[in-house]
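Residues per chain are reported as follows:
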Amino acid sequence: MIAKMISINKKNSSEDNYLNFMKDYFSLVKPKVMTLVVFTAFVGIFLSPVSIHPWIVFVSIFCIALGSGAAGAFNMWYETDLDFKMLRTRKRPLPSDKIKKNDALGIAIFLSFISVYVMFVTISKSAAIFLAFSIFFYVVIYTIWLKPRTKYNIVIGGAAGAFPPAIGWLSVTGSLDILPLILFLIIFMWTPPHFWALSLYCLKDYKTAGFPMLPIVSGVKKTKEQILIYSFLMFLVTLLPYFLGYFGIIYLLTSIILGVNFFYHSLKVYLNKNYEKKSIKMFLYSIIYLYILFLSMIIDHLYLLN
């Protein structure tokens, strides 16, 4: 009986270790970021004015997801030592030594190759090149060059996270148009206030790691001002799809309600001296904001089709 219990405990322990092992490796690809990337890419595909075969949609999303995962793995590999200095990232698999750096680099290279190659042979050369450039931009331009060197890292680097809708559109149409460029611009304008809110909340962490984030280089007050300005500019940009005739009243009302609430959050961050709690609330809201905004595009598009 005792031997049987020991055997069961060993089996359970082995299963737990395997699940933790898989969880650690899965975290390399930054699944939360990947989910947002995949969703915005799908919206770009869904809104395209062409008849789409489900297989093409699946392959496009698959490749974009792998490309996003590759970029995330590259980022974790390159910033392992810096992640160890930050409380927010110290428990990630690389700084906690659960995964070796060479293994993470190998996974990043493998995912990059597979995502671009499959996109190339299955979808199109132009979509594969765009996907490869997006990975390069995030890894080299943003992670290696901009992030450790300039306070404008998020402003310029925000383009990396704004590519997916355009890649999705390009993968099924073979060309770009005004609408995917507007979708790109919306995410591009959304990224700075989104990450500056996080940088205010994690100010001590970023100081310890030595990242030249805007609140460190230019101060908290300047950062609050920039969050307010970008929130307003982003709101104006989100109105473009309606006024250019791409969406109707459903999208317009959703964008106004969400945008006003986004600006309200940024105003609370700006006016409140205890900005840490307000900034993390704004950061979390900004994620929900983008999901609902892009979801409203799908709903509005379906409504207009009927």
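Everything discussed here concerns the structure shown above.
A brief report on the enclosed structure follows.

### Section: a nonpolar patch on the surface
On the surface, Leu176, Ile178, Leu181, Leu185, Leu240 and Leu244 cluster together into a nonpolar patch covering about 480 Å² of accessible area. Per-element tally for the nonpolar patch: the top contributor is helix H8 (residues 178-201), with 3 residues. Positionally, Leu185 belongs in helix H8.

### Focus: the side chain of Lys147
Its location among the elements puts Lys147 in the loop between helix H6 (125-146) and helix H7 (153-173). Since its relative accessible area comes to 11%, Lys147 is described here as buried. Among residues more than four places away in sequence, those in contact with Lys147 are Asn75, Glu79, Tyr142, Asn153, Phe211 and Pro212.

### Thoughts on the side chain of Thr191
Counting through the fold element by element, Thr191 comes out in helix H8. Within polar-contact distance, the side chain of Thr191 engages the backbone oxygen of Ile187 at 2.7 Å.

### Let's talk about the packing of aromatic side chains
One pass over the full model with this rule turns up 21 aromatic pairs. With a centroid separation of 6.2 Å and an interplanar angle of 50°, the aromatic rings of Tyr285 and Tyr289 are classed as tilted. With Tyr285 and Tyr289 both in helix H14 (residues 275-305) and 4 residues apart, this pair spans about one turn of that helix. In this structure Tyr285 comes out as buried when scored by relative accessible area, which is 11%. Taking the relative accessible area as the measure of exposure, Tyr289 reaches 0% and is therefore buried. Taken together, Phe130, Phe133, Phe137, Phe163, Phe184 and Phe188 form an aromatic cluster joined through their ring pairs. Note that Arg90 overlies the ring of Phe84, its terminal NZ or CZ placed 5.3 Å from the centroid. Cation over ring: Lys147 sits above Phe211, and NZ or CZ is 4.8 Å from the ring centre.

Reading the values: rules and limits
Residues numbered from 1 in each chain as written. Predicted model: local features only at pLDDT ≥ 70, side-chain atom pairs only at ≥ 80, totals over all residues. Heavy atoms only, no water. Patch = residues over 30% accessible without salt bridge, like charges linked within 9 Å, V, L, I, M, F, W, Y side chains within 5 Å. Areas by Shrake-Rupley, 256 points an atom, 1.4 Å probe, with all protein chains shown as cover. Salt bridge = Lys/Arg side-chain N within 4 Å of Asp/Glu carboxyl O. Helix = DSSP H or I, 4+ residues; strand = E, 2+ residues; numbered from the N terminus. Buried < 20%, exposed > 50% of the residue type's maximum accessible area, 1.4 Å probe, protein only. Contact = heavy atoms within 4.5 Å. Polar contact = N/O pair within 3.5 Å; in protein donor to acceptor, adjacent residues only side chain to side chain. Phe/Tyr/Trp six-rings, centres within 6.5 Å; stacked < 30°, edge-to-face > 60°. Lys NZ or Arg CZ within 6 Å of the ring centre and 35° of its normal.

From the geometry alone we can't say anything about function, so treat these as descriptive.
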